[in-house]
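Chain residues, written in single-letter form:
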Amino acid sequence: MAWSATARYGLDPAPGGLGLVQDLLNTVDAGAPRLPDLLAGVTQAQAWIDEATAQWTAVTGQQVPRVALDADGLAELRAFRDGLQEATAKAQDAASGAGVLAPVLHSATAALRLGDDGLVRLEPRGTGWRRLASLALAATFEGQQADTRRRLKTCRNLRCRVAFYDRSRNNSGVWHDVRSCGNAANLRAYRARRRAQGG
């Protein structure tokens, strides 16, 4: 089993529960050739949710009840994904949030639970799309605590919104795929410089 939205772009997933956040971001229509939006309709979105929550259970070892989605919930889930996409892109700019209190885009409920193994876990709450948002925000929070969240990025190519986990040594990756997105952007920049020098 794999994170299906991320796998369709041929990418390795982010570690642990952060893979859910990456997979949610990768439900968008992106890539070359364009792949469809997995949240385009309730049936398609429910299929992705069922796969994603099963994978989340596999990587975290925590059970999640079935997340049922309806048409209203689908619209909310898309808005949540778009807000998460925007926040992820802004997080890549180190100066974007320095010393500034950012407005709250989304919130979700969760509980702290002490297990019989002595570990305290963040337990997502809610139903429907809110449960999925809670799972994603909890995974994002845990990624911040583990210092892995900063490696989850969106492709710098403005025509591409694919989310990738930057495994470069110095966390300097900006393209989800250097061959398809990086080379095209570098070629456009080179041609623009040549035109400017010639004019």
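Quantities reported herein were computed from a predicted structural model and do not represent experimental measurements. (Residues numbered from 1 in each chain as written. Predicted model: local features only at pLDDT ≥ 70, side-chain atom pairs only at ≥ 80, totals over all residues. Heavy atoms only, no water.)

Draft legend 1. Local environment of unusual backbone geometry. Despite not being glycine, Asp147 has its phi angle at roughly 60°, a positive value. By relative accessible area, Asp147 is classed as partly exposed at 43%. (Buried < 20%, exposed > 50% of the residue type's maximum accessible area, 1.4 Å probe, protein only.)

Draft legend 2. Expanded view of a nonpolar patch on the surface. The grouping of Leu112, Leu114 and Val120 at the surface amounts to a nonpolar patch, some 350 Å² of accessible area in total. Looking at the secondary structure, you find Leu112 in strand β1 (residues 110-114). Note on Leu112: relative accessible area 68%, which makes it exposed. (Patch = residues over 30% accessible without salt bridge, like charges linked within 9 Å, V, L, I, M, F, W, Y side chains within 5 Å. Areas by Shrake-Rupley, 256 points an atom, 1.4 Å probe, with all protein chains shown as cover. Salt bridge = Lys/Arg side-chain N within 4 Å of Asp/Glu carboxyl O. Helix = DSSP H or I, 4+ residues; strand = E, 2+ residues; numbered from the N terminus.)

Draft legend 3. Here's a closer look at the pattern of salt bridges. Scanning all chains against the criterion turns up ten salt bridges. The salt bridge partner of Arg125 is Glu123, with a shortest N-O separation of 2.9 Å. Between Arg150 and Asp147 there is a salt bridge; the shortest N-O distance is 3.0 Å. Among the charged side chains, a network of salt bridges with common partners joins Asp37, Arg81 and Asp82.

Draft legend 4. Representation of the nonpolar core within the structure. With 31 residues, the main nonpolar core has Leu20, Val21, Leu24, Trp48, Leu77 and Phe80 as its most contacted residues. Take this core: its biggest share by element is six residues, from helix α5 (residues 129-145). In this structure, Val21 is in contact with Leu84, Ala136, Ala139, Thr140 and Leu152, ignoring residues within four places of it in sequence. Among the nonpolar cores identified, the runner-up in size contains nine residues, and Tyr9, Leu11, Phe164 and Cys181 belong to it. (Core = buried A, V, L, I, M, F, W, Y, C linked by side-chain atoms within 4.5 Å. Contact = heavy atoms within 4.5 Å.)

Draft legend 5. Seen up close, the pairing of β1. Bridging between β1 and strand β2 (residues 120-124) involves five bridges; their strand directions are antiparallel. Each bridged residue has a counterpart across the sheet, and for Leu114 the counterpart in β2 is Val120. Linking β1 back to β2 in an antiparallel pair, the connection comprises five residues, with Gly118 at a positive phi of about 90°. (Pairing = 2+ DSSP bridges.)

Draft legend 6. Seen up close, the side chain of Arg151. Tracing the sequence through the fold places Arg151 in the loop between α5 and β3 (152-154). Buried within the structure, Arg151 lacks any salt-bridge partner; its nearest side chain of opposite charge belongs to Asp166, at an N-O separation of 4.5 Å. When sequence neighbours within four positions are dropped, the list of residues in contact with Arg151 reads Phe164, Tyr165, Asp166, Arg167, Ser168, Arg169 and Asn171. (Lys, Arg positive; Asp, Glu negative; His and termini not counted.)

Draft legend 7. Representation of the packing of helix α2 (residues 18-25) against helix α4 (residues 71-91) within the structure. Here α2 crosses α4 at 105°, and the two axes come no closer than 9 Å. Relative to α4, the element α2 is oriented roughly perpendicular. Seen from α2, the contacting residues are Val21, Leu24 and Leu25; seen from α4, they are Leu77, Phe80, Arg81, Leu84, Gln85 and Thr88. Across the contact of α2 with α4, the residue classes break down as six nonpolar, two polar and one charged. (Axes fitted to C-alpha atoms, helices over the stretch in contact; angles between N-to-C directions. Parallel < 35°, antiparallel > 145°, perpendicular 65-115°, else oblique. Nonpolar A, V, L, I, M, F, W, Y, C, P; charged D, E, K, R; others polar.)

Draft legend 8. Helix α3 (residues 42-60), seen in detail. The terminal C-alpha atoms of α3, which comprises 19 residues, lie 26 Å apart, in line with the 27 Å expected from a rise of 1.5 Å per residue. Among the residues of α3, Ala45, Gln46, Trp48, Ile49, Ala52, Thr53, Gln55, Trp56 and Thr57 are the ones counted as buried. Of the surrounding elements, those touching the buried residues of α3 are α1 (4-7), α2, α4 and α5. Taken from the residues just after α3, Gly61 is the one with a positive phi, measuring 80°. (Expected span 1.5 Å × (residues − 1).)

Draft legend 9. Looking closely at the confidence of the model for the protein chain. Across the protein chain, the average pLDDT comes to 86, with 85% of residues at or above 70. Mean pLDDT across the secondary structure elements of the protein chain bottoms out at helix α6 (residues 178-198), with 68, and peaks at α2, with 97. Counted against residues more than four places away or in other chains, residues 95-99, with its pLDDT under 50, gives two contacts. (pLDDT = per-residue confidence, 0-100.)

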